[in-house]
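Close look at the chain arrangement
For reference, the chains in residue letters:
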Amino acid sequence: MILSLAAAAAVSSGGGGSFNSSPLDPFDSSTSWSLGEDFSNSSSEPFARTATPDYQPAATAVAVQEVSPWDIALCVTGTLISCENALVIAILFYTPTLRAPMFILIGSLAVADLLAGLGLILNFVFTYLIDNSLEFVTLLSVGLLISAFSASVFNILAITVDRYLSLYNALTYHTERTVTFTYMMVVFIWVSCLTLGLLPALGWNCLRDETTCSICRPVTKNNAVALAVTFLLVFALMMQLYLQICKIAFRHAQQIAVQHQFLAISTTKGVSTLSAILCAFGACWLPFAMYSIVADSSYPMIYTYATVLPATCCSVINPIIYAFRNPDIQKSLWMACCGCVPSNLSLRPRTSSDV
């Protein structure tokens, strides 16, 4: 959830080295630059020693900070995330029929992932194009990414809860799960995540004490552990809910003997889909969560990048899993692109219980 700051930590720890390595500083008053010296009685060797400082500072001044390929990969990933989720948001916004609670949650997830993608892009800009030594820039970057990725994870949890309730309370689901209730849940998610994002700006950071930094500066080690443990609890709850969804689906398949074969096939497909969702979510986030618990700022930065990049890829997968697989969104996408709907596209509206 606190992805960006690996790059900021890399720059803060090594970005200034190229400007301090030169033995002579052209603007240092202690350095002598005599232009009126008489070289008539001097050999060529002393002249070479006095001429060298005229060239070396110029070479140092034009030194350009080397761009990390990891930061380039994160920026490209952020661009892909932004494009995907902007498309999802546009479809939901311009299609009046997509206003059910399920689509509200999908739209909230798309907004969170869009902000996460923009945060990755802004982090690259702040790192290489703007003076990232400013506290305001660092805190803005970390706050945006904490809020966005936290909202993404909690929206996925809300979608999981919605799917479970649509099966567990199938008869009363449409009367209990109103649009107003869904909006209230989305507001609660965003208020909570924005509060998490504001914590570093309110003083919960390690800018004053670098020894307390986590792998993602300027988040402290304790806060990083708390966020990682919270993610592990969310993941455990998702696993429990999807397990219950599978049990309910198999129970329905056994109760309807007439359609037993059809439901057995569809249930098996649903279980496979659920397994793929959980595996993708766990594979993306678990390495970063576990590494945040065991590591700190003294660990090599390459390990942080290697766990951050898969975590960002979760926001690339989310639109595919939760939006583009939905037949209603597919129809709207086809209508927007070519003005028609393929005949092989299912005509049955997709409900929250579909996996």
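Let me begin by describing the structure that accompanies this report. (Residues numbered from 1 in each chain as written. Predicted model: local features only at pLDDT ≥ 70, side-chain atom pairs only at ≥ 80, totals over all residues. Heavy atoms only, no water.)

1. Remarks on the overall build of the protein
What the protein contains, in helices and strands, is 11 helices and 0 strands. In the protein, the succession of helices and strands from N to C terminus is α-α-α-α-α-α-α-α-α-α-α. Taking all 355 residues of the protein together, 43% fall into the buried category. Here the analysis covers contacts within the protein between residues at least 6 apart in sequence; of these, 77% occur between residues at least 24 apart. Accessible surface computed for the protein: about 18,600 Å², of which carbon and sulfur atoms make up 68%. (Helix = DSSP H or I, 4+ residues; strand = E, 2+ residues; numbered from the N terminus. Buried < 20%, exposed > 50% of the residue type's maximum accessible area, 1.4 Å probe, protein only. Contact = heavy atoms within 4.5 Å. Areas by Shrake-Rupley, 256 points an atom, 1.4 Å probe, with all protein chains shown as cover.)

2. Considering the packing of aromatic side chains
Going through the model one piece at a time under the given rule, you end up with 11 aromatic pairs. Geometrically, the ring pair formed by Phe149 and Trp285 is edge-to-face, given 5.8 Å between the ring centres and 75° between the ring planes. One end of the pair, Phe149, is in helix 5 (residues 135-168); the other, Trp285, is in helix 9 (residues 260-294), with 136 residues separating them in the sequence. The buried category is assigned to Phe149, whose relative accessible area is 0%. When the centroid spacing of 5.8 Å and the interplanar angle of 45° are considered together, the rings of Phe231 and Trp285 count as tilted. One end of the pair, Phe231, is in helix 8 (residues 221-255); the other, Trp285, is in helix 9, and 54 residues separate them in sequence. Residue classification places Phe231 among the buried positions, given a relative accessible area of 2%. Grouping aromatic residues by their ring pairs yields a cluster made of Phe149, Phe231, Phe235, Phe281, Trp285 and Phe288. (Phe/Tyr/Trp six-rings, centres within 6.5 Å; stacked < 30°, edge-to-face > 60°.)

3. Considering the nonpolar core
If you look at the biggest cluster of nonpolar residues, it comprises 63 residues, and the most contacted ones within it are Ile106, Met238, Tyr242, Phe281, Trp285, Tyr322 and Ile329. Elements that contribute at least two residues to this core include exactly helix 3 (69-94), helix 4 (101-128), helix 5, helix 7 (179-198), helix 8, helix 9 and helix 10 (301-324). (Core = buried A, V, L, I, M, F, W, Y, C linked by side-chain atoms within 4.5 Å.)

4. Some details on the pattern of salt bridges
Opposite charge on two side chains permits them to pair, given that their charged atoms come into close proximity. What the rule picks out here adds up to 2 salt bridges. Notably, a salt bridge pairs Arg208 with Glu135, separated by 2.3 Å at the nearest N-O pair. In this pair, Arg208 sits in the loop between helix 7 and helix 8 while Glu135 sits in helix 5, placing the two residues 73 residues apart along the sequence. The class of Arg208 is exposed, set by a relative accessible area of 68%. Residue Glu135 is classed as partly exposed on the basis of its relative accessible area, which comes to 35%. The closest approach of N and O atoms between Arg217 and Glu210, which form a salt bridge, is 3.3 Å. (Salt bridge = Lys/Arg side-chain N within 4 Å of Asp/Glu carboxyl O.)

5. Re a nonpolar patch on the surface
Taken together, the side chains of Val67, Ile72 and Val76 define a hydrophobic patch exposed on the protein surface, amounting to about 230 Å² of accessible area. By secondary structure assignment, the location of Ile72 is in helix 3. Here Ile72 falls in the partly exposed class, since its relative accessible area comes to 41%. (Patch = residues over 30% accessible without salt bridge, like charges linked within 9 Å, V, L, I, M, F, W, Y side chains within 5 Å.)

Keep in mind these values describe shape, not function.
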